[in-house]
Number of protein chains: 2
Amino acid sequence: MVESKIELDAADIAILRVLQTEGRISNVDLAKRVNLSPPATLARQKRLEKQGLIDRFVAVLNRYKTGHDTLSFIQLTLSLHQHQQIHDILDRIVAMPEVLECHNVTGEYDYLLKVILKNTQALEAFISQKLIPMPGIARLHTSLVLKEYKSSMVLDLDEP
Amino acid sequence: MVESKIELDAADIAILRVLQTEGRISNVDLAKRVNLSPPATLARQKRLEKQGLIDRFVAVLNRYKTGHDTLSFIQLTLSLHQHQQIHDILDRIVAMPEVLECHNVTGEYDYLLKVILKNTQALEAFISQKLIPMPGIARLHTSLVLKEYKSSMVLDLDEP
DNA sequence: GTTGAAATATATGACGT
DNA sequence: ACGTCATATATTTCAAC
């Protein structure tokens, strides 16, 4: 199933803009911010959730304070050429809690993984004990993040 | 300032695990889930926010339904070697709403950007009109995401 | 979509363990 | 540090316009 764009009016966009940065704002405060009445605001928010435009609400943690000091991007190329084999490998990779993102990309390598671990020792163990032993890993390149300048999930919503 | 790990007990971890996927759960429901009383749960959550362990609460949107069909990773190498020049360029990149992430990384290129745009035309315009004209962009490589297998911000918290 | 009122659920403080 | 209970507050939700 292909998900397609849903048309939004100015009030929807105002609501989504606020909720993207203040996910726990109360409906009455949100209503004030978007210049609508609380019932109208709540009805719109519920509709946006039902439409799947709002996927979920989450708490964003500070990874340094949880002890996750090592962020890295791992590029992979798979050697398997049967669809089922590739699918199985990807299922296993996606199920790993250390892997926060997994994308099929264009370029020199086929897959890009965003991996968060406690330290470089844990990263080395992850690569050598969990990734390398998997069948079909043809090439692998690790980039360590030295400094994170920006990390956001906020989509840029423009006026209708 | 270097942020360092904060020690968490089993109840803290239980609370953070729930809030990472259900950011809008009520305190009474959260208390039931972690087997604590509502006041104890609320006090812990407030403490975790005050400690900065919980950075913020956000709504996660479905990018396809907002019309953001094109996700890409752009690798950059800067040719400027004065700290101030590099700092200025990074400030401008980080301020761009299309750029969701910006990291200084090890490897062939120095910076990795995660960029979300409406379509490939908008990506082409972004690269040719906003990135390339900046001084000091020595090398640039774009990887288009063909398929997103996993996209999460959930940190893997293990028992104390 | 708005206003206002009522019902419900929630957070929060006091006290005892 | 936690649980229970009571109170005050905030929120949702309904009805009328």
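Keep in mind it's a predicted model, so treat the numbers as computed, not measured. (Residues numbered from 1 in each chain as written. Chains lettered and ligands numbered in written order. Predicted model: local features only at pLDDT ≥ 70, side-chain atom pairs only at ≥ 80, totals over all residues. Heavy atoms only, no water.)

A. Main features of the nonpolar core. Grouped together as the largest cluster of nonpolar side chains are 50 residues, with contacts concentrated most on Leu16, Leu19 and Ile54 of chain A together with Leu16, Leu19 and Ile54 of chain B. Not counting the four nearest positions on each side in its chain, Ile54 of chain A is found in contact with Leu16, Leu19, Gln45, Leu48 and Glu49 of chain A together with Ala59, Val60 and Leu61 of chain B. (Core = buried A, V, L, I, M, F, W, Y, C linked by side-chain atoms within 4.5 Å. Buried < 20%, exposed > 50% of the residue type's maximum accessible area, 1.4 Å probe, protein only. Contact = heavy atoms within 4.5 Å.)

B. Structural context of the interface of chain A and chain B. At the junction of the two partners, chain A supplies 71 residues and chain B supplies 71 residues. Of the roughly 6,900 Å² buried at the junction of chain A and chain B (both faces included), carbon and sulfur atoms supply 56%. Applying the counting criterion to the chain A and chain B interface returns six salt bridges. On the surface where chain A and chain B come into contact, there are 45 residue pairs in polar contact (both at pLDDT 80 or more). Only α1 (10-21), β1 (54-61), β2 (70-78), α4 (83-94), β3 (99-105), β4 (111-117) and β5 (137-151) of chain A provide two or more residues apiece to the side of chain A that touches chain B. The leading source of residues in the side of chain A that touches chain B is β5 of chain A, at 11 residues. In terms of residue class, the side of chain A that touches chain B is built from 33 nonpolar, 21 polar and 17 charged. (Buried area = accessible area lost by both parts, 1.4 Å probe. Salt bridge = Lys/Arg side-chain N within 4 Å of Asp/Glu carboxyl O. Polar contact = N/O pair within 3.5 Å; in protein donor to acceptor, adjacent residues only side chain to side chain. Helix = DSSP H or I, 4+ residues; strand = E, 2+ residues; numbered from the N terminus. Nonpolar A, V, L, I, M, F, W, Y, C, P; charged D, E, K, R; others polar.)

C. Summary view of the relation of the copies chain A and chain B. Between chain A and chain B, the superposition needs a rotation of 180° and an axial shift of 0.0 Å, giving an RMSD of 0.0 Å. The transformation relating the two chain copies, once decomposed into turn and shift, fits a two-fold axis. Among all residues of chain A, the one whose C-alpha sits closest to the rotation axis is Val58 of chain A, at a distance of 2.8 Å. When you check the interface residues of chain A against chain B, 100% turn up at the interface there too, and the contact is symmetric in its surfaces. (Least-squares fit on C-alpha atoms with pLDDT ≥ 70 in both.)

D. Representation of the protein's contact with DNA strand D within the structure. Neighbouring residues of DNA strand D: Ser26, Asn27, Val28, Pro39 and Leu42 of chain A together with Leu36, Ser37, Pro39, Ala40 and Arg44 of chain B. Near the protein, meaning within 4 Å, the atoms of DNA strand D are sugar or phosphate in a fraction of 80%, with bases accounting for the rest. Interatomic distance of 2.7 Å between a side-chain N/O atom of Ser26 of chain A and a phosphate oxygen of DNA strand D. At 2.7 Å, a backbone N or O of Ser37 of chain B approaches a phosphate oxygen of DNA strand D. Going through the elements one at a time, α2 (27-34) and α3 (38-50) of chain A together with α3 (38-50) of chain B are the ones with two or more residues in the surface near DNA strand D. In terms of residues, the surface near DNA strand D owes the most to one element, α3 of chain B, which gives three residues. (Near = heavy atom within 4 Å.)

E. Structural context of the pattern of salt bridges. Residue and element names in this part refer to chain A. Applying the stated rule across the entire model yields 28 salt bridges over all chains. Lys114 is the salt-bridge partner of Glu101, the closest N and O atoms lying 3.6 Å from each other. Of this pair, Glu101 sits in strand β3 while Lys114 sits in strand β4; the two residues are 13 residues apart in sequence, bridging distant segments of the chain. A relative accessible area of 6% places Lys114 in the buried class. Salt bridges sharing partners connect three or more residues here, namely Asp9, Asp12, Arg44 and Arg47.

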